[in-house]
Amino acid sequence: MKYSMRKIESDQMDRIALYTLLLTFSLSLIVFPLYRNFLIPADLYTHFPAIIHPYREYYSLTRNVNKLTQGIEDSEATYDLPTSGQLFCFVETSKKYFNDRVPSMASTWLPRCDNGRFFLKTPLVDEKIPFSTVYRNLEDSYYDLFRKTLLSFYYSYTYISKDFDWYLKADDDNYFMIDHLKEYLDTLDASKPLFLGYRMKPFLEGGYNSGGAGYLLSNAAVRIFVEHLYHDEKRCPYDWAEDRGIARCLASMGILPSDTRDNDGSCRFLPFRPSEMPGIPEAYHYYPLKNGSFVSEKFISLHRISPRKMIFLDSILYPSSERRLFTPEFFDIF
């Protein structure tokens with residue numbers, strides 16, 4: 001009998017949740033312009049808090065730093081890394097890539113950062129690879145990427161060091177040309193709140209930097225994020241799309257993505273494979289793509305690079321003769 005009553009109550013809650021979702025979706029279409037098409041949960045909560053509040057726990061998980069940083073471990077290799085410099089890099093990864101993506105990055109571009117390490121949930125076996133278990137108390141899920149990135153920037157600045165000029169967030173299928181990146185950063189002022197990457201057009205008026213291409217925050221931008229945004233769920237609400245969510249947070253403090261194209265209008269950061277760029281709808285690009293090569297000769301990042309191609313690419317860009325063989329057309333094979 002008790003089981004039956006619990007089953008009935010559970011079914012009733014499921015129906016209420018469904019009706020609430022349909023109601024809020026209908027309201028979003030009526031109240032907001034059609035070009036918005038839909039509102040993400042954070043938007044719905046902002047505009048209809050009384051309706052959504054009972055279900056808020058499904059998309060607004062804790063940001064309590066004391067809980068999330070309990071038991072975080074650093075590998076022995078991190079102790080030899082500098083605590084100041086131009087560039088701090090963290091790569092978000094998970095256990096399923098420990099045997100392929102992690103070694104390929106550890107043996108190619110990541111050590112070229114002043115301090116480069118992996119952020120993950122479970123420790124690597126190899127203590128010679130620098131890593132921190134920053135995600136120890138988070139879900140190892142695509143839908144928790146937003147909290148992972150929030151905590152990553154907060155932890156990097158607050159617990160590792162406040163003394164880097166730039167903080168780079170990368171995925172475990174990114175390749176970064178660190179020489180080009182540092183050369184580009186030399187032309188910028190890290191004391192200003194800057195947000196660098198590949199600027200995408202949808203969803204936000206000021207655009208957002210693609211997570212796939214990787215992105216950077218200047219020291220000033222990270223400080224503002226840590227002091228004013230991390231704990232403020234109104235200015236910085238949950239978003240299941242990590243890159244869009246981070247941009248939304250920063251935009252609330254007036255920090256918008258910078259134009260990172262080179263003097264010829266070619267892209268330094270690439271969220272898609274170079275061969276795919278011409279086929280991506282213009283609605284996705286904040287700036288129009290010019291004819292010819294979309295890849296800057298001073299490219300900084302590539303996305304969706306397999307471990308084998310990453311090692312192959314690095315061997316071409318950094319041959320033993322130290323004679324660089326790069327041409328933009330080369331990347332058509334990627």
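These figures come from a predicted structure and were not determined experimentally.

Draft legend 1. Inspection of the pairing of strand β9 (residues 215-218) at higher detail. Of the two faces of β9, the one holding Tyr215 and Leu217 and the one holding Leu216 and Ser218 are both buried throughout. By the bridge criterion, four bridges tie strand β4 (residues 163-171) to β9 in an arrangement that is antiparallel. Directly across from leucine 168, in β9, lies its bridge partner leucine 216. The pairing of strand β6 (residues 195-196) with β9 spans two bridges and is antiparallel. The partner of phenylalanine 195 across the bridge, within β9, is leucine 217.

Draft legend 2. Focus on helix α10 (residues 307-317). Listed in full, the buried residues belonging to α10 are Met310, Leu313, Asp314, Ile316 and Leu317. Within α10, the buried residues cover an arc of 160° as seen down the axis, which keeps them to one side. Where α10 is buried, its residues contact α5 (101-106), β5 (175-176) and β10 (301-302).

Draft legend 3. Seen up close, the layout of surface pockets. Estimated volume of the largest pocket: approximately 840 Å³. If you go around the largest pocket, you meet 31 residues; those closest to its centre are Tyr142, Leu145, Asp171, Gly212 and Glu242. Of all the elements in the fold, those that place two or more residues in the lining of the largest pocket are α6 (145-160), β4 and α9 (242-251). Ranked by the residues each element gives to the lining of the largest pocket, the list is headed by α9, at three residues.

Draft legend 4. The pattern of salt bridges, seen in detail. Summed over all chains, the structure comprises 16 salt bridges. The partner of glutamate 183 in a salt bridge is lysine 298, and the shortest N-O contact between them spans 3.4 Å. Residue glutamate 183 is found in helix α7 (residues 178-185), and its partner lysine 298 is found in the loop between α9 and β10; the two are separated by 115 residues along the sequence. Residue lysine 298 is classed as partly exposed on the basis of its relative accessible area, which comes to 38%. Linking arginine 273 and glutamate 276 is a salt bridge whose minimum nitrogen-to-oxygen distance equals 3.5 Å. What you see here is one network of salt bridges that share partners, running through Lys169, Asp171 and Glu242.

Draft legend 5. View of the nonpolar core. Counting residues in each nonpolar core, the largest one holds 84 residues, and the members touching the most others are Leu87, Trp109, Phe118 and Leu216. If we skip the residues at most four places from it in the chain, tryptophan 109 touches Cys89, Val91, Leu168, Ala170, Asn174, Tyr175, Phe176, Ile178, Met310 and Asp314.

Draft legend 6. Highlighting the packing of α6 against α9. Relative to each other, α6 and α9 sit at 50°, their axes nearing to 8 Å. By the angle class used here, α6 and α9 are oblique. Every pair of crossing elements has a handedness; the one defined by α6 and α9 is right-handed. Along the contact surface, α6 presents Leu145, Phe146, Thr149 and Leu150, while α9 presents Glu242, Gly245, Ile246 and Cys249. Looking at the contact of α6 with α9 residue by residue, the classes come out as five nonpolar, two polar and one charged.

How each quantity is defined
- The written sequence of each chain sets the order in which its residues are numbered from 1.
- Restriction of local features to residues with pLDDT of at least 70 applies here, the model being predicted, together with a cutoff of 80 or more for giving and counting side-chain atom pairs; totals for whole chains, interfaces and linings are based on all residues.
- Processing note: side-chain calculations cover all non-hydrogen atoms of the structure and skip hydrogens and water entirely.
- Each residue is placed in one exposure class: buried if its accessible area under a 1.4 Å probe, protein chains only, is under 20% of its type's maximum, exposed if it is over 50%, and partly exposed if it falls in between.
- Every helix listed is a DSSP run of H or I at least four residues long, and every strand listed is a run of E at least two residues long, numbered separately from the N terminus.
- Only strands that DSSP links by at least two bridges are regarded as paired with each other.
- Working note: the arc is built from the helix axis to C-beta atom directions.
- For this analysis, residues touch if any pair of their heavy atoms sits within 4.5 Å.
- Grid points spaced at 1 Å over the protein atoms alone were grouped into cavities, where a 1.4 Å probe fits but cannot get out, and pockets, open sets with protein on both sides within 12 Å along at least five of seven lines, with lining residues defined by an atom within 4 Å of a point.
- Grid points are joined across faces, edges and corners, and a volume is the space filled by probe spheres set on the points.
- The working definition used for a salt bridge is a side-chain nitrogen of Lys or Arg within 4 Å of a carboxyl oxygen of Asp or Glu.
- By nonpolar core is meant a set of buried Ala, Val, Leu, Ile, Met, Phe, Trp, Tyr and Cys residues that side-chain atoms within 4.5 Å join together.
- Structural elements are reduced to axes, namely lines fitted to C-alpha atoms, with helices fitted over the stretch in contact, and the angle between N-to-C directions of any two is expressed from 0 to 180 degrees.
- When an angle is under 35 degrees it counts as roughly parallel; over 145 it counts as roughly antiparallel; between 65 and 115 it counts as roughly perpendicular; any other value is oblique.
- Handedness of a crossing follows from how the near helix is turned relative to the far one, being left-handed for an anticlockwise turn of less than a right angle and right-handed for a clockwise one.
- Side-chain classes follow a simple rule in which Ala, Val, Leu, Ile, Met, Phe, Trp, Tyr, Cys and Pro form the nonpolar group, Asp, Glu, Lys and Arg form the charged group, and the remainder, Gly included, forms the polar group.

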